[in-house]
There are 2 protein chains.
Amino acid sequence: MFARVADRRKPNTIDDIGFASASHQTVNLVEFTYRKGAEIYGENEPAEHIYQVKRGAVRTYKMLSDGRRQIGAFHLMGDIFGLNNGERHRFTAEAVVKTTVRLIERKSLQTVAEADAVVARNLFSMLTSNLEHAEDHMLLPGRKTSVERVAAFLSEMDRRAGANTMSLPMSRRDIADYLGLTLETVSRALSRLHWAGVLTLSSVKKPI
Amino acid sequence: MFARVADRRKPNTIDDIGFASASHQTVNLVEFTYRKGAEIYGENEPAEHIYQVKRGAVRTYKMLSDGRRQIGAFHLMGDIFGLNNGERHRFTAEAVVKTTVRLIERKSLQTVAEADAVVARNLFSMLTSNLEHAEDHMLLPGRKTSVERVAAFLSEMDRRAGANTMSLPMSRRDIADYLGLTLETVSRALSRLHWAGVLTLSSVKKPI
DNA sequence: CGCCCCTTTGACCAATATCAAGTCATGTGG
DNA sequence: CCACATGACTTGATATTGGTCAAAGGGGCG
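Conventions we followed
Residues numbered from 1 in each chain as written. Chains lettered and ligands numbered in written order. Predicted model: local features only at pLDDT ≥ 70, side-chain atom pairs only at ≥ 80, totals over all residues. Heavy atoms only, no water. Helix = DSSP H or I, 4+ residues; strand = E, 2+ residues; numbered from the N terminus. Contact = heavy atoms within 4.5 Å. Salt bridge = Lys/Arg side-chain N within 4 Å of Asp/Glu carboxyl O. Least-squares fit on C-alpha atoms with pLDDT ≥ 70 in both. Near = heavy atom within 4 Å. Polar contact = N/O pair within 3.5 Å; in protein donor to acceptor, adjacent residues only side chain to side chain. Nonpolar A, V, L, I, M, F, W, Y, C, P; charged D, E, K, R; others polar. Buried area = accessible area lost by both parts, 1.4 Å probe. Core = buried A, V, L, I, M, F, W, Y, C linked by side-chain atoms within 4.5 Å. Buried < 20%, exposed > 50% of the residue type's maximum accessible area, 1.4 Å probe, protein only.

Per an unreviewed UniProt entry, chain A is named Transcriptional regulator, and its organism is Bradyrhizobium guangdongense.

Laid out in structure tokens, this is it:
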């Protein structure tokens, strides 16, 4: 059981590649780039920022007591993450691939929100969309078979990536930990969807 | 597959047993009592009220395309439910047992919230606790075995009911649909927990 | 080029779903 | 008051699915 944890790469250090600062509505924006696998924030760490994915993809997860990892969400380009009411992050966030994020200071955002009803409303609706995603993910146990789950996952990614051909930056293990399956089962399910003609090779094999 | 749906009782009509009105902070409070199995609101219906459980218990669920039912949450005494940002309810709500709820008009609440920062903050934190529950439930697929899932469920109910002996108003099927198991598996898991001495008969067999 | 990591695939096994029977409590009508 | 129907639960036998263990491609990067 703990093998899963043991053979996971040590968290990488932050790549200080990109660093830009801008002022927008008195909210400080900072960009940061993380390399593949790097931790953006850890579970229970003080939540001092919220984040937006500028480029790349992020996974947020919790480790369970038995060493399993449950991924709660993938965040793609444009998505906001790290937003929660509490003082501390409830999940760990890692870059799935080399990823650039915008950081927004929690405090400064809060200040603006209290003065500006529009910002407050936006915060509220961001929180709501987080909730809706969580609720959708909650429906997963109802999706019984592995093929159904994987198909639902692909459908979600397809919808969200929006673009022509969908890219799947995350590994089989990531998908498995998102769906509550093993990576072998995910692989088999993808194969079966293949033979069923639902997928073209290009749409799965990371076209870019 | 559809048998599951077919053999489910038609929604009962509302029992107009209790009806009381009070004025509190310019928000209209109305009480309503539903009998066991009665629908409180349906998925996709306009969300004109939010609710608080005064007595009894409520389940909120979605029907999946194949006729399966996924219960998203149980709401016990004191819990607020039906709260979401959108115009329409995303789940169906039903009384698990004879249940009395307080209704609060969405509009009037919104009016108060915009004037009163405290009310707004309360709304925000209620939404957050909803989100946290959903996130916790999202971790379910990680809990592999049926016994683990049922134990986690009991633990949750124990924590929430708070009282001395816990009552489980919901049926095995409800629990199953909450945990993504079958009712037989839930029954077996409860039996095993029994033999393991984790449960006393009284704590499961609805002491009241 | 060769190593490493990710993925695929296979064989086997354990766990849950499914199908089915039987118990128990409750309620109903003769 | 009893016979019977009904619904919720438990328990058993069997089938199916996904997990586990293992081996073998295949692609990228030093």
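Turning our eyes to something else, we now look at the overall build of chain A. Broken down by element type, chain A carries seven helices and nine strands. In chain A, once contacts between residues fewer than 6 apart in sequence are set aside, the share between residues at least 24 apart is 70%.

Moving on to the pattern of salt bridges. Residue and element names in this part refer to chain A. Counting across every chain of the model gives 29 salt bridges over all chains. Residues Asp174 and Arg69 are paired through a salt bridge, measuring 2.7 Å at the closest nitrogen-oxygen approach. Of this pair, Asp174 sits in helix H5 (residues 172-179) while Arg69 sits in strand S6 (residues 69-75); the two residues are 105 residues apart in sequence, bridging distant segments of the chain. In this structure, Arg160 and Asp79 form a salt bridge, with 2.7 Å as the shortest nitrogen-oxygen distance. With Arg160 in helix H4 (residues 146-161) and Asp79 in the loop between S6 and strand S7 (80-81), this pair connects stretches of sequence that are 81 residues apart.

Turning our attention to the relation of the copies chain A and chain B. Turning chain A through 179 degrees and shifting it by 0.0 Å along the axis lays it on chain B, with an RMSD of 0.1 Å. Within this description, the copies of the chain are treated as partners about a two-fold rotation axis.

So, about the protein's contact with DNA strand C. Taken together, 15 residues are adjacent to DNA strand C, and A:Arg172, A:Ser187, A:Ser191, B:Ser146 and B:Thr185 come closest. The share of sugar and phosphate among atoms of DNA strand C within 4 Å of the protein is 63%. At 2.8 Å from a phosphate oxygen of DNA strand C is found a side-chain nitrogen or oxygen belonging to A:Arg172. One nitrogen or oxygen atom from the side chain of A:Ser187 is found 2.6 Å from a phosphate oxygen belonging to DNA strand C. With four residues, helix H6 (residues 183-195) of chain A is the largest single contributor of residues to the surface near DNA strand C. Residue classes in the surface near DNA strand C are distributed as one nonpolar, eight polar and six charged.

On the side of chain B, 34 residues touch chain A, which itself brings 34 residues to the contact. Of the roughly 3200 Å² buried between chain A and chain B on both sides combined, carbon and sulfur atoms contribute 68%. Where chain A packs against chain B, one counts eight salt bridges. Of the charged contacts in the structure, one is a salt bridge between A:Glu132 and B:Arg90, with a shortest N-O distance of 3.8 Å. Put simply, chain A and chain B have ten residue pairs in polar contact (both at pLDDT 80 or more) between them. Mapped by element, the contributors of at least two residues to the side of chain A that touches chain B are S6 and helix H3 (117-138) of chain A. With 14 residues, H3(A) is the single largest residue contributor to the side of chain A that touches chain B. Tallied by class, the residues present in the side of chain A that touches chain B amount to 13 nonpolar, nine polar and twelve charged.

What follows covers the nonpolar core. Within the largest apolar cluster, 32 residues are counted, with the highest numbers of intra-cluster contacts made by A:Leu109, A:Leu127, B:Leu109 and B:Leu127. Taken together, the elements giving at least two residues each to this core come down to helix H2 (106-115) and H3 of chain A together with helix H2 (106-115) and helix H3 (117-138) of chain B. Among residues more than four places away in sequence, those in contact with A:Leu127 are A:Leu83, B:Phe124, B:Leu127, B:Thr128 and B:Leu131.

So, about the protein's contact with DNA strand D. Near DNA strand D lie 17 residues; those nearest to it are A:Ser146, A:Thr185, B:Arg172, B:Ser187 and B:Ser191. The sugar-phosphate share of atoms of DNA strand D within 4 Å of the protein amounts to 62%. One of the side-chain nitrogen or oxygen atoms of A:Thr182 is found 3.2 Å away from a phosphate oxygen of DNA strand D. When contributions to the surface near DNA strand D are tallied by element, the ones reaching two or more residues are H6 of chain A together with helix H6 (183-195) of chain B. The residue inventory of the surface near DNA strand D, partitioned by class, reads two nonpolar, eight polar and seven charged.

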